[in-house]
Amino acid sequence: MRGLRAAGWRAVGWRAVAFGCILLSAGVAQAQQIHQERGVDARVDYGSLTKIGPWDDRNYELTQDDLAILPEDEHRLTDPVPAFFRVGIRKHWREKRGRELKIYPRSALQSFRLMFGGYLIEGKLYRKVTREDGRFRIILEDGVTQEDFDTHAGKAFAGEVRVTSPEGAAESAIKINPVNPNLVIAGSNGPGGGQKMHWSDDAGATWTEVDLPLGGTCCDPTIDFKSDGSLAHTSTLGDCGFGGCSIWTYRSSDNGQTWTDLENETPGDTRRELTSAGDSDKEFIHSDKFATSPHRDNVYLTWHDGNVMQFARTTDDGNNWSIQTFSSDPQGIGSDITTDKDGDVYYFWPSLEGATGSRIVLKKSTDGGATFGTGVTTVASLNDEFDFAIPVMETRLVFIYVSADTDYSDGPFGNSIYAAWTDTTAPESGIPANNHARIQVGYSRDGGDTWKTSTPHSIADQEEVDRFHQWLAVDEGGNVHVVFYDTSQDPTRQSVDFYHTVSEDGAVTWSPPERLTTVSSGNPDDSFEWGDYNGLDVVMGQALAVYTDNRSETTRGGDSLDIYAIGKEVGDVFTGIFADSFETGDTSRWSETIQ
């Protein structure tokens, strides 16, 4: 996202800006001095625009034709975003979605603040606002100039950064705070013994490592936030031994800096031990964050006990959990969960039914995980079962697992359900070089009843290039993102890079995959190799992925297994509003652009 400067305008890209709720300050909310003569159109009563949003001097660029796009009852939508931004959103939505916008996305305010820094009043940016007598009023305190804002906002995180130290980490998960993309939590297997957690308050540019309390952890990190970002949940395998592992969960109220918040419920007890049978494995967590879901903030957890699929839910922020066992359904491993706008739960896994009978299956709940329907739905058949060898992963083997997400937008594919997995292109061979790995994405538009499948990369070279260890995430605009390992930089298929692709049409077609890494990673001389999975999250146009990297850093030679993070601006439903101005830096025709 390029900067935008002219006539007092400024669009700010993904920067390290502190977010949060609108502050109802004890300061005096003063009436803004609105100068009618500054407006570009004498027909517009600029003072009246405070009825529909906080004042911003960029409103002076609005014409009567611009404002005609706003509905008559616009004043009923009390989102604290100014009129010029509302006009831009609606114009963009009409052009890109082909219909009118009923309510603004929950990320509208965050996107405004990311792009423009705050409310521009007489050359200063302000962040505090209140609503009195049917009008928004800016609290004129703590204002900063554009220069000061740029100085303290920092630069956007992009490219690669090493998360773990010392070396010896693999498998990772990541989640971005849903209301503040600067706050990020990651988890990793190692370095050293046990699961490590990592937190960042600058959108992933720097990281701090912390341990989970009480010790005894093993691996398989998974993370999710509460809908308002106030709590984070994680799970780990723990107490592992000859009989296997148990499932433990934790809660954080400070964005991953500490994981002791459950002590507020049970003093001295910082975790919940869901199982103790010793044969639990491969857990993933999901929080229902959709604004109008009847089961909002339910947290769901999946794993298997001896390949029998298990499901747990909590309705009180992780304090108490109830567990269901699906012993009559196909056995499996590598599951994931997502929820739709109605709060229905979609529970996916790859079945273990023999190499010729394995499939991706779905089990669905329509009451917030309290009960599930009988049987499973087949999403797609598989060419292989569980794992398989390829040249770059011939020891640990490529793991077949599902990652799932839902389109929460009001776009043409809203409420579509997506699932992605790795598979072989043909039945498995005992010779690694004869196996070829590909990514598949399933999508459903009818609540999971029927499914279609697409391939998010070229199929012309699938006999020469392996793609594996995918993760999938859907952004606020409904775009579907997939990241994965790719061996296309190495004709011998012995090294990988990390790639990203996106679909803007509901996973039907895909952009040419983009190489994110600048250095290829050679085949690790380690029994764990690449681990079993990577992670991805996308919030308000900020994509952050974590993955296992084996580049030779300058201070060390040979293998250097670490977790790296990659940040990328991918845009969201608002990015295109000012696209022309971003490209040219010229805002003189902004009014024409949004008519």
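All figures in this text were calculated on a predicted structure; none of them were measured in a lab.

J.: I'm lost on the sheet that holds strand β36 (residues 562–569) in this one. Help?
T.: Pairing between the strands of a sheet comes from backbone hydrogen bonds, and it takes one of two forms, parallel or antiparallel. The sheet built from four strands is open, its strands ordered β6-β36-β35-β34 with antiparallel pairing. Here the strands that pair on one side only, and so sit at the sheet edges, are β6 (159–162) and β34 (535–539). Mean inter-strand twist for the sheet, computed between neighbouring axes without regard to direction, equals 20°. Relative to β36, β6 is paired through four bridges, and the arrangement is antiparallel. Its bridge partner being in β36, V161 is matched across the sheet by A565.

J.: Help me understand the pairing of strand β20 (residues 345–350) in this model?
T.: Most of β20 is tucked away: six of the six residues are buried. Residues of β20 alternate between two faces, with V345, Y347 and W349 on one and Y346, F348 and P350 on the opposite face, all of them buried. Where strand β19 (residues 336–339) lies against β20, four bridges are found, and the strand directions are antiparallel. By the bridge assignment for β20, T339 is matched with V345. In textbook terms, the turn of a hairpin is the stretch between consecutive antiparallel strands, and for β19 and β20 this stretch comprises five residues, one of which, G343, has a positive phi near 85°.

J.: How should the nonpolar core be read in this particular structure?
T.: Looking at soluble globular proteins, one finds that nonpolar side chains tend to be buried together. Counting 41 residues, the largest nonpolar core has F348, I390, F468 and F498 as the members making the most contacts within it. Non-local contacts of I390, meaning those with residues more than four positions away in its chain, are made with V398, P432, N435, A437, D466, F468 and R493. Core analysis: the second largest hydrophobic core is formed by 25 residues, L62, L70, A83 and F85 among them.

J.: Looking at this structure, how should I read the pairing of strand β15 (residues 280–287)?
T.: Successive side chains on a regular strand alternate, one facing one side of the sheet and the next facing the other. Most of β15 is tucked away, with seven of its eight residues classed as buried. As paired elements, β15 and strand β16 (residues 299–305) share six bridges and run antiparallel to each other. Of the residues in β16, the one forming a bridge with H286 is Y300.

J.: What is the right way to look at the state of the cysteines in this model?
T.: Every disulfide links exactly two cysteines, by a covalent bond between their sulfur atoms. Taken as a whole and judged by the stated rule, the model has two disulfides. There is a disulfide in this structure between C218 and C219, and the S-S distance comes to 2.1 Å. One disulfide, between C218 and C219, carries an S-S torsion of 75° and so falls in the right-handed class. With a relative accessible area of 24%, C218 lands in the partly exposed category. The disulfide partner of C240 is C245, and the S-S distance across this bridge is 2.0 Å. Disulfide C240 to C245: torsion about the S-S bond roughly 120°, handedness right-handed. By relative accessible area, which is 36% here, C240 ends up partly exposed. A residue is classified by how much of its surface remains accessible, and C245, at 11% relative accessible area, is buried. When the cysteines engaged in disulfides are numbered in sequence order, the chain pairs them as 1-2, 3-4.

J.: Teacher, can you tell me more about the packing of aromatic side chains here?
T.: According to the stated counting rule, one finds 27 aromatic pairs in the structure shown. A centroid spacing of 5.3 Å and a plane angle of 70° characterise the contact between F284 and Y533, whose relative ring orientation is edge-to-face. Of the two residues, F284 sits in strand β15 while Y533 sits in the loop between β33 (521–522) and β34, which places them 249 residues apart along the sequence. By relative accessible area, F284 is classed as buried at 4%. Ring geometry for Y547 and Y564: centres 6.2 Å apart, planes at 45°, overall tilted. Of this pair, Y547 sits in strand β35 (residues 542–549) while Y564 sits in strand β36, and the two are 17 residues apart along the sequence. A relative accessible area of 2% means that Y547 is categorised as buried. An aromatic cluster is present here, built from F284, F386, F399, Y401, W471 and Y533 joined pairwise through their rings. Over the aromatic face of F326 sits the side chain of K363, whose NZ or CZ is 5.2 Å from the ring centroid. Looking at R551, its charged tip hangs above the ring of Y564, at a distance of 4.5 Å from the centre.

The rules behind each value
- Residues numbered from 1 in each chain as written.
- Predicted model: local features only at pLDDT ≥ 70, side-chain atom pairs only at ≥ 80, totals over all residues.
- Heavy atoms only, no water.
- Pairing = 2+ DSSP bridges.
- Helix = DSSP H or I, 4+ residues; strand = E, 2+ residues; numbered from the N terminus.
- Axes fitted to C-alpha atoms, helices over the stretch in contact; angles between N-to-C directions.
- Buried < 20%, exposed > 50% of the residue type's maximum accessible area, 1.4 Å probe, protein only.
- Core = buried A, V, L, I, M, F, W, Y, C linked by side-chain atoms within 4.5 Å.
- Contact = heavy atoms within 4.5 Å.
- Disulfide = S-S within 2.5 Å.
- Phe/Tyr/Trp six-rings, centres within 6.5 Å; stacked < 30°, edge-to-face > 60°.
- Lys NZ or Arg CZ within 6 Å of the ring centre and 35° of its normal.

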